[in-house]
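# A structural walkthrough
Each chain is listed here by its residues.
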Amino acid sequence: MTRPFATAALLCLVAAPACDAPVEEAQETPTTAQGERGTLGKADLPGSCESEDAVFCEGQSPNGCWCDAQCRDFGDCCSDAADICEPEPEPEPEPEPEPEGCDPTATYRVDVDMNWTTAGVPNRHWSPLIGATHTSAVDFWSVGGLATDGFEVMAETGGTGPLRAEIEATIASGTAASLLIGSGIPTGDGATSFEFEIAADAPEVTLVSMMAPSPDWFVGLAGVSLCQGNAWISGTAQMQVFDAGTDSGTTFTAPNADTNPADAIGLEPLFLSNGGQPVSVGTMTFTRL
């Protein structure tokens, strides 16, 4: 329904003599079916903004009350205008649930890239990789700790059998989840890689390889967790050279000299810089697939 408007300015076009003096423009006032629409100053009017086959949210209801946006100002809304014509607010979105931890399992590739270039060392190579995925309840080696019998064999000869047996025993006891085996590197500056599965309830990785020839020197990681916070991570670790503390030789090809009692595992002094910092001989990169 249109809402007509009348102003004194329009009347001047018909009765010019009456317009000699300035006139003020009348206020625009919409009209209702019963006459001009004005502020009623009272509560909603009887009537509805809908019938059996129509709604009247943009204008006036056949009952005479209004359902448009201005009815609140004029005080002539139908009694159900708010229920029918004012949309309910959009519900607040549910907050994203906080992650409860890493996914139960993940697949990784480890890339081992070695760069040992010491001159004058015959037949430089790296023994087969061996390690495990495990919980924090077990340490296969640590700086300041003592080498196990199996670890001593790995560090002095590159053999993996005894250390493998120790790892399999921890798997049987429930503190480790899986055995990790990788190929050796036949030169000092080569690379190798393999893939493995890891579980959130055993998220730590230990992985080692003997530097050969050497008395009991090796590289590797001990108990590095790939689950950080609530996410599996990827990353690269620098390979430092460690002394297993089980052989007292000081050169690459020194004859066997059993250390008894054994010393604690520590950084090999031959691979420390003049400032006492460890020198990297390669990297291990763990990439989640």
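Scroll up a little and you will see the structure.
Residues numbered from 1 in each chain as written. Predicted model: local features only at pLDDT ≥ 70, side-chain atom pairs only at ≥ 80, totals over all residues. Heavy atoms only, no water.

Scanning all chains against the criterion turns up 3 salt bridges. Notably, a salt bridge pairs R288 with D103, separated by 3.2 Å at the nearest N-O pair. A residue pair is termed long-range when its members are at least 10 positions apart, and R288 in strand β15 (residues 282-288) and D103 in the loop between α3 (81-85) and β3 (105-114) qualify at 185 residues. A salt bridge links R164 to E168; the nearest nitrogen and oxygen atoms lie 3.1 Å apart. Residue R164 and its partner E168 are located together in helix α5 (residues 161-173), separated by 4 residues, close to a single helical turn. The class of R164 is partly exposed, set by a relative accessible area of 37%. With relative accessibility at 39%, the residue E168 sits in the partly exposed group. (Salt bridge = Lys/Arg side-chain N within 4 Å of Asp/Glu carboxyl O. Helix = DSSP H or I, 4+ residues; strand = E, 2+ residues; numbered from the N terminus. Buried < 20%, exposed > 50% of the residue type's maximum accessible area, 1.4 Å probe, protein only.)

Our focus in this paragraph is helix α4 (residues 149-157). Residue pairs three or four apart in sequence face the same way in an α-helix, which turns once every 3.6 residues. When α4 is considered as a whole, its buried residues turn out to be G150, F151, M154 and A155. All buried residues of α4 lie within an arc of 130 degrees about the axis, which places them on one face of the element. The outward face of α4, more than 90 degrees from its buried face, is lined by the exposed residues D149 and T157. Here the buried face of α4 lies against β5 (129-134), α5, β8 (204-212) and β9 (217-225). Looking at the residues trailing α4, positive phi occurs at G158, about 85 degrees. (Arc of directions from axis to C-beta. Contact = heavy atoms within 4.5 Å.)

By themselves these figures say nothing about function.
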